[in-house]
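Each chain is listed here by its residues.
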Amino acid sequence: MHYGYDSKVAVVTGGSSGIGLATVETLLGSGARVALCARTESRLNDVAAVLVRDHGEDRVMARALSVLDPQAVNAFAGEVEARFGRCDLLVNNAGQGRVSTFADTTDEDWRAEYELKLFSQIHPTRAFLPMLRRAKGAIVAVNSLLAYQPEPHMVCTSSARAGVQNLVKSLSVELAPDVRVNSILLGLVGSGQWSRRFAEREDQSQSRAEWYGALAARKGIPLGRLGDPAEAAAAIAFLGSPAASYITGAQLEVSGGLSRYI
Ligand code: NDP
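Model, not experiment: these values are computed from the prediction. (Residues numbered from 1 in each chain as written. Predicted model: local features only at pLDDT ≥ 70, side-chain atom pairs only at ≥ 80, totals over all residues. Heavy atoms only, no water.)

Asks: What is the right way to read the packing of helix H3 (residues 70-84) against helix H4 (residues 107-135) from this model?
Replies: Helix-helix packing: each pair is described by the crossing angle between the helix axes and the interaxial distance. Closest axis-to-axis distance for the H3/H4 pair is 7 Å, and the angle between their directions is 25 degrees. Regarding the angle of H3 to H4, the classification is roughly parallel. Helix-helix and strand crossings are classified by hand; for H3 and H4 the assignment is right-handed. Along its contact with H3, which presents Pro70, Val73, Asn74, Phe76, Ala77, Val80 and Glu81, the element H4 presents His123, Pro124, Ala127, Phe128, Met131 and Arg134. (Axes fitted to C-alpha atoms, helices over the stretch in contact; angles between N-to-C directions. Helix = DSSP H or I, 4+ residues; strand = E, 2+ residues; numbered from the N terminus. Parallel < 35°, antiparallel > 145°, perpendicular 65-115°, else oblique. Left-handed = near helix turned anticlockwise from the far one by under 90°. Contact = heavy atoms within 4.5 Å.)

Asks: What's the story with the packing of helix H6 (residues 192-199) against helix H7 (residues 208-219) in this structure? I'm lost.
Replies: The interhelical angle for the contact between H6 and H7, taken along N-to-C directions, is 110 degrees, at an axis separation of 11 Å. With respect to their mutual orientation, H6 and H7 come out roughly perpendicular. Contacts between H6 and H7 pair Trp194, Ser195, Arg197 and Phe198 from the former with Arg208, Trp211, Tyr212 and Leu215 from the latter. The residue makeup of the contact of H6 with H7, split by class, is five nonpolar, one polar and two charged. (Nonpolar A, V, L, I, M, F, W, Y, C, P; charged D, E, K, R; others polar.)

Asks: Please clarify how the site of the ligand should be interpreted in this entry.
Replies: The full set close to the ligand counts 30 residues, and Ser17, Thr40, Asn93, Arg161 and Ser191 are the nearest of them. Within the contact set of the ligand, an oxygen atom lies 3.2 Å away from a side-chain nitrogen or oxygen of Arg43. A distance of 3.5 Å is found between an oxygen atom of the ligand and a backbone nitrogen or oxygen belonging to Gly187. Compared with its free state, where it exposes 880 Å², the ligand has 94% of that area covered by protein. Mapped by element, the contributors of at least two residues to the shell around the ligand are helix H1 (18-29), strand S5 (138-144) and H6. Looking at the shell around the ligand element by element, the count peaks at four residues for H6. In terms of residue class, the shell around the ligand is built from ten nonpolar, 16 polar and four charged. There are two domains that each give the shell around the ligand at least three residues, and those are domain 1 (9-187 + 228-250) and domain 2 (192-226). (Near = heavy atom within 4 Å. Polar contact = N/O pair within 3.5 Å; in protein donor to acceptor, adjacent residues only side chain to side chain. Areas by Shrake-Rupley, 256 points an atom, 1.4 Å probe, with all protein chains shown as cover. Domains from an automatic or database assignment.)

Asks: Sorry, what's going on with the environment of Ala35 here?
Replies: Position of Ala35 among the secondary structure elements: in strand S2 (residues 33-38). The sequence separation of Ala35 and Val12 amounts to 23 residues, and the corresponding C-alpha distance is 6.3 Å. Discounting residues that sit within four places of it in the chain, Ala35 has contacts with Ala10, Val11, Val12, Met61, Phe76, Val80 and Phe84.

Structure below.
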């Protein structure tokens, strides 16, 4: 699908894998020039080489950095401005979940989780804001259903996710009318995180389809399967696009119907 990003520039954090990579591909396929970042340089370079081959060197920029490093994020924004001259969409996607109950979450874990969830939104937003304002652009925060429907086995992730949702709402007011700010709430999407958990499965004889199917049944996902990263990317691309021009401060669930609240 083409989301109308011709002549636009998008930035995707955590763009080397899973939902971030699917978002990069969707936006490139919709005409955008895209800058992506992630920490692991080797994987980022491999991904960037394929993207450049498929979409052209003039449309892709990749930088290895952590979104938790404000200097590096600021430098990234400066490079995007120098190279592409603008930023129309910022997708704050970088991160991962933490599986732990209250009993086995240390103070250090709590601090690390809050730092990751909140500053992965704060640093890129601050760095790209001047360009986003000039472009009358949009921010999409990649968040989780856990913000509204906490899971005791992911206690600190759930709690920090609720904080992110609160932040998104404040930003949508403070940055209006220049910049729209929305979020997607993910259920279970079969990306890097779930591939890693699949690789570590107890019963190594289970195929991916069996393991994912059993997981979907256990979790009670009405659509009966995990989401595909491209399905999350489609929601992100929509929210960032001109088709969503009157949508801000909203959240779009991409969960196969997993939520239980109205
Ligand atoms: P992946 O592990 O496939 O991808 C995560 C990406 O983020 C990678 O590119 C990773 O690269 C990058 N990343 C992680 N930490 C940092 C950092 N500090 N700075 C820069 N880049 C970073 O995960 P998903 O695609 O599944 O997850 C994408 C987002 O969606 C995450 O925020 C995740 O928490 C969220 N989410 C995912 C769900 C799911 O079911 N998949 C459910 C709910 C939320 P590198 O490690 O090299 O830095």
